[in-house]
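So you can see what is in the structure, the chains are spelled out below.
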Amino acid sequence: MLDKKYNHEQVEENKYDFWLEKDYFKCDENSGKKPYCIVLPPPNVTGVLHLGHAWDVALQDIIIRYKKMQGFDTLWLPGMDHAAIATEAKVVKRLKEEGINKYEYGREKFLEACWDWTHEHGDIIRKQWAKLGVALDYSKERFTLDEGLSEAVKKVFVDYYNEGLIYRGEKIINWDPVAKTALSNEEVIYAEEKSAFYHLKYKIEGSDEYLDVATTRPETLFGDTAVAVNENDERYQKYVGKNAILPLVNKPIPIITDEHADMEKGTGVVKITPAHDPNDFEVGNRHNLERVIIMNDDATMNELTGKYNGMTREECREAVLKDLKEQDLLLGIEPLVHEVGHSERTGVMVEPMLKKQWFVKMRPLADKVLETQKKKDEKVNFYPSRYEKIMNHWMEITYDWCISRQLWWGHRIPAWYKGDEIYVGMEAPKEEGWVQDNDVLDTWFSSALWPFATLGWPSSTKLLEKYYPNQCLVTGYDIIPFWVNRMTFQGEKLLGKRPFEDCLIHGLIRDKEGRKFSKSLGNGIDPFDMVKLYGADSLRYYLATDVAPGTDMRFDEEKIKASWNYINKIWNAARFVLSNIEDLKEISLTNLKKEDKWILSKFEKTLHETIKFMDKYEFNNAGSSIYEFTWNYFCDYYIEMAKYTIGDISTKSTLCYILTGILKLLHPFMPFVTEEIYGMLPVKESESIMTSKYPEYNKEYIFKEEELIDDSVEFIKSFRNVKAENNMTKDLKIMFDTKDNIDLIIKVLRLEDNLIDKPLDIKSYKVFSKNIKATIYYEKIETDSDKELKENQINMLKSSIERREKLLSNENYVNKAPANIVELDRQKLAEEKQKLAELLKK
């Protein structure tokens, strides 16, 4: 028997171990069942799980449990991500606190420290998964740096290099001067900052004339190798082919024409710094300009900047502006607000730097995806569909992907150098003298292989054959460019198929005011604090049902409390049912009463609607449908109806059948409490609800009697509302206009002693539904609010009567005002006196 009070800690204890012991989470690749596979978006091993990941896994667990109950051979493959930049930063910080320098420590020992960190935090993450109750097949767990993934990554790199899809080149890349590594464009976050256009005087060589050059970065002028104007800009034609004198440096640089100079923007004159600006880099290529690197890897100025050597970018800017002003080379400062790129990981301002890096040639890979997305049966289907545009747009405008990172933790690039020679291969060259590239690959390079490398690729395995493509991916919209797009082009290139059939997109979780969670705001929420307070079931249900797919969520703890209250309602309903069906041996849905048929019909319609929503990943709508049935029909009405026929086998059977159905519908959302209650049922099909069958819609359980009971329920609602609004007491009397279909109403409302068959000469109120009408007779009890209202009405009437009497006693008004107006005042005075007299009598 269930305990009297619902205790989430007690209910959720040991359930996870029970499921694990029974191997309920494991797939069976040898079964003939239809496969359903989800690969878990791997959390990184830098710390504990956050609220967004809890949302991720709640949605995936709902899908897996739902599909398992529907008879699919489900595989939910877990894993973790090595998160190169983030993890290396954490380990460097830990070692620094111990007085250890990364470079003095050496690569081998540093990697050992990274593995220690990984194992430590991996264990924490597994314990947190268990607290959330997620049905992961741990026998298939993978890590982005495990041996199998490492071989897959090397193979892709080597094959792409041999095909010409991976190359090494010198380009402007996004440089993180804190982590001291390259970043892809997706790893750069833009934020508005106050800045300015600084107008500098570039004198024409051998002349007193000058060009007004506007720049937001005067500290980079040491790397200028040209000044550009548009060839159609007549203002500057006379200067083309001449030299300008580089301010402070006093070095002549050519004045060239290039389309990059916009006649409508600024002064139409731009400084060209090929080694520190991506657009200038292209201009430099077109005009064969020198590339002058003026910064160190930590973004301090280098020896080529002269006396500014060693300054930070910010310090150098202030010093340069001061010197320009002193030399009359600063024409003016024009304030502006513009977007500045920052490293997603370290938060530092990104520096465009000229570096030799490894790149993936993206155009052919992206074009293949765009072609596939036109094919209905081969494309990745986004839910909501609007998010497909984000992927397609990215594929249309994509650029070559910088995949090398100046780190030690990660997949080391399988390239070796000897002089000017480069060797790329699965194994190191056998000859001596070769030195391996020190860099590692972008974490997303290995993550992009996740849907198939985790299943054994490049080997031909049973897992790969059965579970690829995966059936669904669940992730946030913010990760589409980083991960979804890259998995898609890698899957289609390497296996000729989309990586997953469906992609369910959820939004971001924000605080109640709509702000992002951040340390600076102090508004972070630990999901496991919520689990401790309200249980995993309450948190999961809230995360899964609060908003529609693809929509941002505003976190509200009150809604988690409401979820707990809902579970408590189910608990209490289950206690009533279980206490009355202990002797039930089998469910027999024969000799059904009208109310039994009514609740069965309602359940079947709810089931039909729920399946429709579940199949479209609309868990918010599915949750609402189940809630409406469970709370409003089963708990509020049918249980009340059942109390009067609880000894009947049809009532017991219906109670057991409906409670079982509710538990099955809710199990994907709230696995712990449904497992607890299911285990107490006297009649059930399996040991665990996890292995039970999801209900199937049965139109034979749609009965015409549903409308009759609907009408009764409508009458009951109306009666209760009228009674409450009019403060009626239990001694009211009621006279029905019909004798049909009122027995159940009389029982539920306990009106056996209140029935009359003749009208009474007291206050009355009509109550009705579609087919049932009745009159309630009652003596109204005067409440304090009633007395206050009455007193206000009396005072208002007295005031109005006094005013009218004074008006009508004025002969000038009576004789001069229109007769009809005077007569109307007399009528209203008489009516008000009558109303006052009635109120004073009460």
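What counts, and at which threshold
Residues numbered from 1 in each chain as written. Predicted model: local features only at pLDDT ≥ 70, side-chain atom pairs only at ≥ 80, totals over all residues. Heavy atoms only, no water. Helix = DSSP H or I, 4+ residues; strand = E, 2+ residues; numbered from the N terminus. Rg over C-alpha atoms; globule rule 2.2 N^0.38 Å. Buried < 20%, exposed > 50% of the residue type's maximum accessible area, 1.4 Å probe, protein only. Contact = heavy atoms within 4.5 Å. Areas by Shrake-Rupley, 256 points an atom, 1.4 Å probe, with all protein chains shown as cover. Pairing = 2+ DSSP bridges. Axes fitted to C-alpha atoms, helices over the stretch in contact; angles between N-to-C directions. Expected span 1.5 Å × (residues − 1). Salt bridge = Lys/Arg side-chain N within 4 Å of Asp/Glu carboxyl O. Phe/Tyr/Trp six-rings, centres within 6.5 Å; stacked < 30°, edge-to-face > 60°. Lys NZ or Arg CZ within 6 Å of the ring centre and 35° of its normal. Core = buried A, V, L, I, M, F, W, Y, C linked by side-chain atoms within 4.5 Å. Parallel < 35°, antiparallel > 145°, perpendicular 65-115°, else oblique.

**A short note on the overall build of the protein**
Then comes step 1: The number of helices and strands found in the protein is 27 helices and 28 strands.
Then comes step 2: A globule of 842 residues ought to have a C-alpha radius of gyration of about 28 Å, yet the protein, at 38 Å, is considerably larger.
Then comes step 3: With respect to the principal axes defined by its C-alpha atoms, the protein has extents near 115 × 95 × 55 Å.
Then comes step 4: The 842 residues of the protein split such that 54% are buried.
Then comes step 5: A separation of at least 24 residues holds for 76% of the contacts in the protein among residues at least 6 apart in sequence.
Then comes step 6: Accessible surface, the protein: about 39900 Å² in total, of which carbon and sulfur atoms supply 47%.

**So, the sheet that holds strand 14 (residues 351-360)**
Then comes step 1: Read across the sheet, four strands follow the order 6-5-14-16 without closing on themselves; strand pairing throughout is antiparallel. Looking at the sheet topology across the chains shown, the edges are occupied by strand 6 (181-183) and strand 16 (401-402).
Then comes step 2: Across the sheet, helix 8 (residues 278-287) touches strand 5 (166-176) and strand 14, and the angle it forms with strand 5 is around 140 degrees.

**Quick notes on the side chain of Ser-184**
Then comes step 1: Inspection of the secondary structure assignment puts Ser-184 in the loop between strand 6 and strand 7 (188-204).
Then comes step 2: Among all residues touching Ser-184, those that are not within four sequence positions of it are Asn-174, Trp-401, Cys-402, Arg-405, Asp-442 and Arg-486.

**Some words on the sheet that holds strand 18 (residues 415-418)**
Then comes step 1: Spatial strand order, 19-18-20: three strands in an open sheet with antiparallel pairing. The open sheet has two free edges, formed respectively by strand 19 (421-424) and strand 20 (435-436), since each of these has just one partner strand.
Then comes step 2: Bridge analysis of strand 18 against strand 20 gives two bridges, and the strand direction is antiparallel. Counted as the bridge partner of Trp-416 is Gln-436 from strand 20.

**As for helix 23 (residues 706-725)**
Then comes step 1: The terminal C-alpha atoms of helix 23, which comprises 20 residues, lie 28 Å apart, in line with the 28 Å expected from a rise of 1.5 Å per residue.
Then comes step 2: Just downstream of helix 23, Asn-727 is the residue with a positive phi angle, here 55 degrees.

**Brief notes about the environment of Pro-481**
Then comes step 1: Relative to the elements of secondary structure, Pro-481 occurs in helix 15 (residues 480-495).
Then comes step 2: A residue is classified by how much of its surface remains accessible, and Pro-481, at 21% relative accessible area, is partly exposed.
Then comes step 3: Between the C-alpha atom of Pro-481 and that of Met-728, which follows or precedes it by 247 residues, the distance is 63 Å.
Then comes step 4: Filtering out sequence-adjacent residues up to four positions away, Pro-481 remains in contact with Glu-186, Trp-394 and Arg-486.

**Looking at the pattern of salt bridges**
Then comes step 1: In total, this model carries 56 salt bridges according to the counting rule given.
Then comes step 2: Between Glu-151 and Lys-154 there is a salt bridge, with its nearest N and O atoms 3.2 Å apart. With Glu-151 and Lys-154 both in helix 7 (residues 147-163), this residue pair falls three residues apart, about one helical turn.
Then comes step 3: Owing to a relative accessible area of 32%, Glu-151 belongs among the partly exposed residues under this scheme.
Then comes step 4: One salt bridge in this structure joins Glu-388 and Lys-379, with 2.9 Å as the shortest N-O distance. Each member of the pair, Glu-388 together with Lys-379, is buried.

**Digging into the packing of aromatic side chains**
Two measures describe an aromatic ring pair: the distance that separates the ring centres and the angle between the ring planes.
Then comes step 1: All chains considered together, the criterion is met by 44 aromatic pairs.
Then comes step 2: Aromatic pair Tyr-542 and Phe-555: ring centres 5.9 Å apart, planes at 80 degrees, arrangement edge-to-face. Pair noted here: Tyr-542 is in helix 17 (residues 536-545) and Phe-555 is in the loop between strand 25 (553-554) and helix 18 (557-580), with a separation of 13 residues, a long-range link.
Then comes step 3: Look at Tyr-657 and Tyr-701: their rings are 5.8 Å apart centre to centre, the planes differ by 85 degrees, and that puts the pair in the edge-to-face class. Residue Tyr-657 is located in helix 21 (residues 649-666), and its partner Tyr-701 is located in the loop between helix 22 (671-678) and helix 23; the two are separated by 44 residues in the primary sequence.
Then comes step 4: The structure contains a cluster of three or more aromatic residues connected by ring pairs, namely Tyr-383, Tyr-541, Tyr-566, Tyr-617, Phe-619, Tyr-627, Trp-631 and Phe-669.
Then comes step 5: Lys-171 extends its terminal NZ or CZ atom over the ring of Phe-359, reaching a point 5.0 Å from the ring centre.

**Regarding unusual backbone geometry**
Then comes step 1: Here the bond from Tyr-383 into Pro-384 is cis, since omega is -5 degrees, no more than 30 degrees from zero.
Then comes step 2: Inspection of the secondary structure puts Pro-384 in the loop between strand 15 (381-383) and helix 11 (388-397).
Then comes step 3: Cis rather than trans, the peptide bond between Tyr-468 and Pro-469 has omega equal to 0 degrees.
Then comes step 4: Of note, Pro-469 is situated in the loop between helix 14 (462-467) and strand 22 (470-476).
Then comes step 5: In this model, Ala-83 sits at a positive phi of 45 degrees, which is unusual for a non-glycine residue.
Then comes step 6: As for its position among the elements, Ala-83 is in the loop between strand 3 (79-80) and helix 4 (84-97).
Then comes step 7: Among the residues examined, Ala-83 registers a relative accessible area of 4% and is labelled buried.
Then comes step 8: Phi is positive for Asn-250, close to 60 degrees, though the residue is something other than glycine.
Then comes step 9: Within the secondary structure, Asn-250 sits in the loop between strand 10 (243-246) and strand 11 (251-257).
Then comes step 10: With a relative accessible area of 55%, Asn-250 lands in the exposed category.

**Quick word on helix 19 (residues 594-615)**
Then comes step 1: With 22 residues, helix 19 should cover 32 Å at 1.5 Å per step; its first-to-last C-alpha distance of 32 Å lies within 8% of that length.
Then comes step 2: Along helix 19, 16 of the 22 residues are buried, which leaves the element largely enclosed by surrounding structure.
Then comes step 3: Residue Tyr-617 follows helix 19 closely and has a positive phi angle near 60 degrees.

**Some thoughts on the nonpolar core**
Then comes step 1: Residues Phe-634, Phe-669, Ile-677, Phe-715 and Phe-736 are the most contacted members of the largest nonpolar core, which totals 136 residues.
Then comes step 2: Counting residues per element, this core draws most heavily on helix 20 (residues 619-642), at 11 residues.
Then comes step 3: Excluding residues within four positions of it along the chain, Phe-736 makes contact with Phe-715, Ile-742, Ile-745, Ile-746, Leu-751, Leu-755, Ile-772, Lys-773 and Ala-774.
Then comes step 4: Cys-27, Tyr-387, Ile-403 and Tyr-417 belong to the second largest nonpolar core, which has 57 residues in total.

**So, the packing of helix 19 against helix 23**
Then comes step 1: Relative to each other, helix 19 and helix 23 sit at 100 degrees, their axes nearing to 8 Å. Relative to helix 23, the element helix 19 lies roughly perpendicular. On helix 23, the residues that touch Lys-594, Glu-595, Trp-598, Ser-601, Lys-602 and Lys-605 of helix 19 are Glu-706, Leu-708, Ile-709, Asp-710 and Val-713.

**Things to note about the pairing of strand 2 (residues 73-77)**
Regular strands show a simple pattern: their side chains alternate between the two faces of the sheet.
Then comes step 1: Of all five residues that make up strand 2, five are buried, and the element is covered over most of its length.
Then comes step 2: Side-chain alternation along strand 2 places Asp-73, Leu-75 and Leu-77 on one buried face and Thr-74 and Trp-76 on a second face that is also buried.
Then comes step 3: In terms of strand pairing, strand 1 (residues 35-39) meets strand 2 through five bridges, oriented parallel. Looking at the pairing, Cys-37 lines up with Leu-75 of strand 2.

**Some remarks on the environment of Leu-494**
Then comes step 1: With respect to the helices and strands, the residue Leu-494 is situated in helix 15.
Then comes step 2: For the pair Leu-494 and Val-156, spaced 338 residues apart in the sequence, the C-alpha separation amounts to 8.3 Å.
Then comes step 3: Residues contacting Leu-494, with those up to four places away along its chain left out, are Val-156, Tyr-160, Leu-449, Phe-452 and Trp-457.

This is a description of form; function is not addressed.
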